[in-house]
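# Reading the structure
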There are 2 protein chains.
Amino acid sequence: MTNWLVNALRAAIADGRLRVGATLPATRILADDLGVSRGVVVEAYRRLGDEGLVNARTGVGTVVTPLRSAPHAVKQAPVGGRSAAEPLAPPLPLPQLVVPVEVDLSPGVPDLSAFPRAAWLRAERAVLNNATASDLGYGDPRGNARLRQELAGWLARIRGIRANADDIIIVAGVAQSLALLAQRQRAQGATTIAVEDPGSRGARDELAHWGLEPVPVPVDEHGLRVAELARTGLPAALLTPAHQFPTGVVLTPQRRRALLDWATAGGLIVEDDYDAEYRYDRAPVPALQASAPAMVAYTGSTSKTLAPGMRLGWLIPPRRLHADLVAAKHASDLGSPAIPQLVLAHLIAAGELDRHVRLMRARHRTRRDALLTALRQHLPQARVQGVAAGLHLLITLPDRSGKVDDTDLAERIRQAGVLVHPLSWHRQRSGPPGLVIGYAAHPPDRLREAARRIGVTVEAATQLELS
Amino acid sequence: MTNWLVNALRAAIADGRLRVGATLPATRILADDLGVSRGVVVEAYRRLGDEGLVNARTGVGTVVTPLRSAPHAVKQAPVGGRSAAEPLAPPLPLPQLVVPVEVDLSPGVPDLSAFPRAAWLRAERAVLNNATASDLGYGDPRGNARLRQELAGWLARIRGIRANADDIIIVAGVAQSLALLAQRQRAQGATTIAVEDPGSRGARDELAHWGLEPVPVPVDEHGLRVAELARTGLPAALLTPAHQFPTGVVLTPQRRRALLDWATAGGLIVEDDYDAEYRYDRAPVPALQASAPAMVAYTGSTSKTLAPGMRLGWLIPPRRLHADLVAAKHASDLGSPAIPQLVLAHLIAAGELDRHVRLMRARHRTRRDALLTALRQHLPQARVQGVAAGLHLLITLPDRSGKVDDTDLAERIRQAGVLVHPLSWHRQRSGPPGLVIGYAAHPPDRLREAARRIGVTVEAATQLELS
């Protein structure tokens, strides 16, 4: 029991649910909540103290102690399992230990219960039967040639990407693409990069870790405000043009043209083609890379189509960056693991990936519709955005008083058993309050119940401000 | 045909077989060798020229052009699939295109035909049946908890490692451990690291990529000369104490004690526990980490027990470095892929990894004995070292004249169809000529034939020098 509690608390500290400076519950209270003896809690706190994770302070209680700062860190990169380069859950402000979350609506997580286990296992069997010794040896740092070949065709077909197999670098997800690109930019003397605001907090933290200051450029209903980007003189910009995180807007044709003009004048576009596979109401816009392969470093992953835990993605840089990025990949890990690459190549070749994405798209659309209907019923005041694609939507709330704090709101909703992200977690500059709500991982009934609780909580919390 | 040739040449340039500055064969000669029309070769050279990989210079021929320098590079890290942090094949000096290699005796590659496919597939089925959604989601950047638990027990049992599951960071092989450690050392202001000489060229190049100058410290028959290390004032040292690469010597107890004294005075020991699983004639020495967990960053991988293409390894740092290294891992790729981690945990728990290592050890011993006997017959002048463990041995040659060039010798042996490494590839300072010969990947008959060819070639090349 003590072990379990130590592990649970340690995990909560590691992934940021228990933040530095947070006070742990009093031992008697936590013991009561958990139905264990107080000695168990005392012993657990003592062991965490021995590990240097917490510190008992007289009159204050047991407090989570700061980690040592990260290497090269401009800001501290959170050591969380969730916050990341892809638009992911940042650490939430309060521990989940006492009130368990019943419905986790963190954005960015697909329906993992639908992972295509049977197809994966069939593909793996075929791969293991056919893999040669050289497939399993020290491979090409760009990745397995068969996978790069399959991906070139697949991305051309579904996203209009213009690349051949030799342009592609297989990476450990979009996070690694950003790490490699940041290293290259730093080596060229860059110290800044434009990012969308609101935008992915995980990406921002990661770029800062590698020494690139993420400079916010506002996003409006047409996407990134390119005119403001152009005025900054920044050397590069990270965007999610197909489905902006977290607003869900699509970059308009006018803005796309303006962005390409900016790049022609010397800027580098980093295109995180996040969620592009899940467009529900019409065909997705093509990738920016399709318009200008020489100006765009394109990246995507299987995190949303298969599972985040795959850590399998691709980076298609402009050719002038290719050699530097391959060298950086090689110096990071020699290359990505062979077997999952071969399995993915097999799944693409057999049409299994397409089949899975189609199935998921239909399932996610149903879930989105259920959530949307329920939110309109339970939270009619809210403005709902970003519904056309992806795995999440954004609601913003009228705030005539300027008093609605969405972090506080998210915490109250969590206490009602539902985990959502406050929009301000993903903002660098202030703006209207909002909630980012993922819908892919839960069936319609649970989404309806979650919407009801969100509605009740928001009503209660914002009281007259929303009337 | 042109495509094939372009790809082959591009690959040879990418992995370093065709080095920067190397002259490609004259078009007519290569066309004759390959049995293709000269136009095919001319067109291939033209396309490589368009890609900026080669440059036609009047009077010189077509020359491989330098890559752009790598980010943070002190020296250029080779963009090769083979050279790496683990003691691996560095780029060989001449192209393999014209004379195909019949027997590749590059060190560091296990018998990949023996990869335990059936056990792997059984484990994968069990893993896919039992994996939860959170197993497949954004996980702990330290790696899957079950794998860390299994590894803690396994490493304690087979290597005496003192660590619990929370001390372990799952990484993409030893290469990533070195990248993370180098980043941390740089962030602390270090610019140098001691390395063994001779030692792994791949590790050296990788450390240089990350901005740490690898400073050579000589290795003799007792292992690293710790007294010389202590005189340098260097902040850290990378060693392969259980089976030094490439000499195969084991660090003696006296040297181990001296090394720990050095670390007690403030030095960091980076222990690459390379090849420790394959000790043939007596029990392996325990890992250094077992003596002094607070002074040693211990790292190992499945590259030699399963396959290099797994890219799956572990890093067990001193606790004071742990948080920084987890942050660096998180900022590099969020964490390693989930499924292979779960499969490895299953293989360890089921005893399958032990079974496989036992099987491999017996097979490798037979192969080593076959090569050893054949080398004594065909190359009686050579001194053979490093036979007690690992996947390769080292032969050094008497060179009273100082005229034997082992790079030239390796090239002649390659022309006789056998690929071995010249010892000087792994040296920073000059020393007696030698050849590093891997024996794990081939059955005894092929090893005997390879030894015969090596003997004949060495005799012919060194002529009277060896008499």
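Above this text you will find the structure in question.
Computed from a predicted model, the values in this text were never measured in an experiment. In every chain, residue numbers begin from 1 and rise along the written sequence. Labels follow written order: the first chain is A, the first ligand is 1, and so on. Note on the predicted model: pLDDT of at least 70 is required for a residue's local features to be given, and 80 or more for side-chain atom pairs to be given and counted; whole-chain, interface and lining totals, by contrast, use all residues. Side-chain numbers come from the whole structure's heavy atoms, not from hydrogens or water.

## Some thoughts on the sheet that holds strand β5 (residues 192-197) of chain B
Residue and element names in this part refer to chain B. Two strands qualify as a pair provided that DSSP identifies no fewer than 2 bridges between them. The secondary structure listing takes helices from DSSP runs of H or I that are at least 4 residues long and strands from runs of E that are at least 2 residues long, numbered from the N terminus. Taken in spatial order, the 8 strands make up an open sheet running β4-β11-β10-β9-β8-β5-β6-β7, and their pairing is mixed. Each having just a single partner strand, β4 (169-171) and β7 (223-224) make up the two edges of the open sheet. Where β5 and strand β6 (residues 213-220) come together, 6 bridges link them in parallel fashion. For E196, the partnering residue across the bridge sits in β6 and is V217. Packed on one face of the sheet, helix α8 (residues 201-209) meets β5, β6 and β8 (236-239) and runs near 170 degrees to β5. We call two residues in contact when some of their heavy atoms are within 4.5 Å. Angles shown run from 0 to 180 degrees and are taken between the N-to-C directions of axes, each axis being a line fitted to C-alpha atoms and, for helices, limited to the stretch in contact.

## With respect to the packing of aromatic side chains
To describe a pair of aromatic rings, you give the distance between the ring centres and the angle between the ring planes. Pairing of aromatic rings covers Phe, Tyr and Trp, the last through its six-membered ring, and needs centres within 6.5 Å; plane angles under 30 degrees mean stacked, over 60 mean edge-to-face, and all others mean tilted. Following the criterion strictly, the structure yields 7 aromatic pairs over all chains and no others. Between W154(A) and W314(A) the ring centres are 6.3 Å apart and the planes differ by 80 degrees, which places this aromatic pair in the edge-to-face class. Within this pair, whereas W154(A) is found in helix α6 (residues 145-159), its partner W314(A) is found in strand β11 (residues 313-316), the two being separated by 160 residues in sequence. Judged by relative accessible area, W314(A) falls into the buried class, the value being 2%. Aromatic side chains F245(B) and Y274(B) sit 5.8 Å apart centroid to centroid with 85 degrees between the ring planes, which places their arrangement in the edge-to-face category. Of this pair, F245(B) sits in the loop between β8 and α10 (253-264) while Y274(B) is found in the loop between β9 (268-272) and α11 (288-291), placing the two residues 29 residues apart along the sequence. Working definition: with a 1.4 Å probe on protein chains only, accessible area under 20% of the residue-type maximum means buried, over 50% means exposed, and in between means partly exposed. For Y274(B), a relative accessible area of 3% gives the class buried.

## Focus on the nonpolar core
The biggest cluster of nonpolar side chains holds 142 residues, and the ones touching the most others in it are L435(B), I437(B) and I454(B). Excluding residues within four positions of it along the chain, I454(B) makes contact with L105(B), L379(B), I413(B), V418(B), V420(B), L435(B) and I437(B). The criterion is simple. A nonpolar core is a set of buried Ala, Val, Leu, Ile, Met, Phe, Trp, Tyr and Cys residues joined through side-chain atoms within 4.5 Å. Judged by nonpolar contacts, the second largest core, of 52 residues, contains A190(A), A203(A), I169(B) and W210(B).

## Describing the pattern of salt bridges
Note on definitions: salt bridges are taken to be side-chain nitrogens of Lys or Arg within 4 Å of carboxyl oxygens of Asp or Glu. With the rule as written, the count across this model stands at 50 salt bridges over all chains. A salt bridge links R414(B) to E411(B), with the nearest nitrogen and oxygen atoms 2.8 Å apart. With R414(B) and E411(B) both in helix α15 (residues 406-415) and 3 residues apart, this pair spans about one turn of that helix. When its relative accessible area of 5% is taken as the criterion, R414(B) is described as buried. The class for E411(B) is buried, based on a relative accessible area of 9%. A salt bridge links R453(B) to E449(B), with the shortest nitrogen-to-oxygen separation between them at 2.8 Å. Of the two residues, R453(B) and E449(B) both sit in helix α16 (residues 444-462), 4 residues apart, roughly one turn of that helix. In this structure R453(B) comes out as buried when scored by relative accessible area, which is 17%. Within this structure, E102(A), E449(A), R452(A) and R453(A) form a network of salt bridges that share partners.

Everything listed here is a matter of geometry and, on its own, says nothing about what the molecule does.
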